[in-house]
Amino acid sequence: MKKKEAKERISLLIAELERHNHNYYVLNAPEITDFQYDLLMLELQQLEKMFPEFASKDSPTQKVGSDILPDKSSQDSSPLSQFEQIPHKYPMLSLANTYDMGELEAFDERIAKTTDTPYTFSCELKFDGTAICLTYKDGRLSRALTRGDGTKGDDVTRNVLQIPSIPHSLVPGSGYPDEFEIRGEIYMPYKSFEKLNLQRIKDEEQPFANPRNAASGSLKTLDPKIVKGRGLECTLYHLITDIPVAATHLEALQKAAQWGLPVSEHAKECRGISEVEKYIAFWDTERKTLPYATDGIVIKVNQLQLQSSLGFTAKSPRWATAYKFKPEEALTKLLSIDYQVGRTGAITPVANLEPVQLSGTKVKRASLHNAEQMQLLDIHIGDYVYVEKGGEIIPKITRVAPEKRGFDIVEAVFPAVCPECGTPLVKDEDEAKHFCPNSDFCPPQIKGRFIHFIGRKAMDINAGEATIEQLFSKGYIKELDDLYTLTRDQLLSLEKWKEKSVSNFLESLEKSRKVPFERVLFALGIRYIGETTAKNLAAEFKSMENLASATREQFLSTEEVGEKLADSLIAYFTDQRHLGIIKRLADAGLQMSVDESKKIIKSEILAGKTIVISGNFSISRDDMKALIERHSGKVGSAISGSTAYMVAGEKCGPSKLTKAEKLGIEIISEEEFYKLINKQ
Ligand code: IVH
């Protein structure tokens, strides 16, 4: 590689790795697998070795990834940093890692060169969670810090006190030092992870991608009560005392166990690399039976004196390394690609694969995301592809095996027209996906509109996707108002429907006639009109009639209605078909105007103020919005110059934060918000 090329590649790799660090540590939402990340890191390390003139101290190869949110001015205690940051007494470093058994021998040789005395290794599971540093003073847990950027971490003591396996006080008289640190990993067992995600899906919140993100996201919540219910666990693996309590690492862990601390029960002393390899081979299969995620094995020099003479590099100890398990992947043939049309008209390419066994299940389909991803993979029908299970339910294709490419391959061409209705597809520049614009007549989009209409936050009608599917395929429903003219006989003709289900359905249909106007407006599924915008429009225009006769300018002068939204509203209300649907829904008895008598106003504290909420709170987002409204405030969906406050919760959107900062909008925490409205 030429110098110029190397320089360019290095800066590209640095930018990419920094972006992925931010996704992983701060947003808890990685885009790529750990394995793909490690490959990028390895490439950068090799290039920096070949071209040392381009290596710098700031490179990700030299730094520990930081989990601290970028602060607007790190000197102050702005609510952005959310937790107090406290310097670590000893830097909290990362570990060198490898996927290659051969490198373990090199690791051993490097150590052997430095000493004449015999040494052994401690082999341990590498827990896939988030690192924690605990300080015990006089037998009591006095502080818990996250790794942060390695030199200072977030003080999460209040949250850590809610984790049952972490003792608040140690076994009296067990000989613990007056003050010491112990480090370990907080993780979420699979069972708790599944339970949490089911609940989040039910609450229409974004599920966590994997147990690691769930653990680290939970630890960073501002409300310790939330942490309590999340089923987090902890295993400790690194004791740091000023005066040595043992000669070896494993003895030190044993001591910690006697003091009452949770240390790994699977740590084992290995004599030489061949024993290490046996330990790895054993756990590579056995780990699948563990109730929590592990992503490798950590190998540490067991003798503490040798550890201290080996010391550290800027990023990791020289006395330890991690052997990481490759993510399970399977190689199979790509048979064809289906282009699925979603409810909003978005097109998703889905690969049909020759069935293959992967982590205990048979995989037949995998997502290809969008046209760009297909291009990046350079994928052809007939190619052999690697599939991997990410956190998502449907596996993904990570790469093609070009060496297995035959002569019978066919180029995979992204369609120009909608596979369901034949309408030419469109793609906005700022969106990754292609769309079918025929929202009124494209069958999956019609069904999608019904599913949206019956949803909990819309009309809350007692039916599911399967019912809509049947009603649509029998030709009973075409327009939204058709739901209100369904007959008992039509309903009884549906598969598995009996008198009871018919009555339940009709009852919920009856109830939906009382659903407030703002939800009716949301239920119509007008493009870009979410729950909050529907509320704002309802508050401003008061009735469907007023909305239908409003001008573009009037829409634009409404809170948070921009050009795109105003155009969408005008297009919707100038279509005679839509006006017909609205008329028939009104005839069916739906609420077409605001019922002012229903508003329970508690105070005027937030009158004239628009408040944007972002992230998750200890109460549901709906309750949070209701609270704002009951105190006469308006809920905004996007930050603008007229936003009075932004309430930042857990997993708060970083782009919203940046925008709020730029515009000088006051950012407050959930607790500060409660103080504002005087609620304890
Ligand atoms: S020892 C000075 N032991 O893996 C280094 N780390 O990828 C001390 N981890 O930052 C770390 N299990 O968060 C150690 N048994 C174990 C571990 C472990 C998981 C984590 C830890 C570390 C990361 C490196």
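Residues numbered from 1 in each chain as written. Predicted model: local features only at pLDDT ≥ 70, side-chain atom pairs only at ≥ 80, totals over all residues. Heavy atoms only, no water.

Draft legend 1. Structural detail: the nonpolar core. Of all hydrophobic cores here, the largest spans 50 residues; its most connected members are Phe453, Leu483, Tyr484 and Met544. At the level of elements, helix H12 (443-454), helix H13 (465-473), helix H15 (499-512), helix H16 (517-523), helix H17 (531-541), helix H18 (544-549), helix H20 (563-573) and helix H21 (576-587) are the ones that each hand at least two residues to this core. Non-local contacts of tyrosine 484, meaning those with residues more than four positions away in its chain, are made with Phe453, Met459, Ile461, Leu509, Ser512, Arg513, Leu585, Ala588 and Leu590. In this structure, Ile163, Ile182, Val227 and Cys234 belong to the second largest nonpolar core, which totals 32 residues. (Core = buried A, V, L, I, M, F, W, Y, C linked by side-chain atoms within 4.5 Å. Buried < 20%, exposed > 50% of the residue type's maximum accessible area, 1.4 Å probe, protein only. Helix = DSSP H or I, 4+ residues; strand = E, 2+ residues; numbered from the N terminus. Contact = heavy atoms within 4.5 Å.)

Draft legend 2. Main features of the pattern of salt bridges. As enumerated under the stated definition, the model contains 35 salt bridges in all. Between lysine 3 and glutamate 53 there is a salt bridge, with its nearest N and O atoms 3.2 Å apart. Within this pair, whereas lysine 3 is found in helix H1 (residues 3-26), its partner glutamate 53 is found in the loop between helix H2 (34-50) and strand E1 (85-87), the two being separated by 50 residues in sequence. Lysine 126 is the partner of aspartate 295 in a salt bridge, and the nearest nitrogen-oxygen pair spans 3.6 Å. Note that aspartate 295 is positioned in strand E10 (residues 294-301) and lysine 126 in strand E3 (residues 121-127), a separation of 169 residues in sequence. Judged by relative accessible area, aspartate 295 falls into the buried class, the value being 10%. When salt bridges with common partners are traced through the structure, they connect Lys457, Glu531, Asp622 and Lys625 into a single cluster. (Salt bridge = Lys/Arg side-chain N within 4 Å of Asp/Glu carboxyl O.)

Draft legend 3. Layout of unusual backbone geometry. Residues other than glycine seldom take positive phi values, yet aspartate 138 does so here, at roughly 45°. Within the secondary structure layout, aspartate 138 lies in the loop between strand E4 (130-137) and strand E5 (140-146). When its relative accessible area of 60% is taken as the criterion, aspartate 138 is described as exposed. The phi dihedral of lysine 496 is positive, around 65°, even though this residue is not glycine. Here lysine 496 is to be found in the loop between helix H14 (488-492) and H15. A relative accessible area of 75% means that lysine 496 is categorised as exposed.

Draft legend 4. Expanded view of the site of the ligand. Around the ligand, the surrounding shell holds 14 residues, and the nearest of these are Glu124, Leu125, Lys126, Glu185 and Tyr237. A distance of 3.1 Å separates an oxygen atom of the ligand from a polar atom in the side chain of tyrosine 237. Look at the ligand: alone it shows 530 Å² of surface, and the protein chains cover 91% of it. Sorting the residues of the shell around the ligand by element identifies E3 and E10 as the ones contributing at least two each. (Near = heavy atom within 4 Å. Polar contact = N/O pair within 3.5 Å; in protein donor to acceptor, adjacent residues only side chain to side chain. Areas by Shrake-Rupley, 256 points an atom, 1.4 Å probe, with all protein chains shown as cover.)

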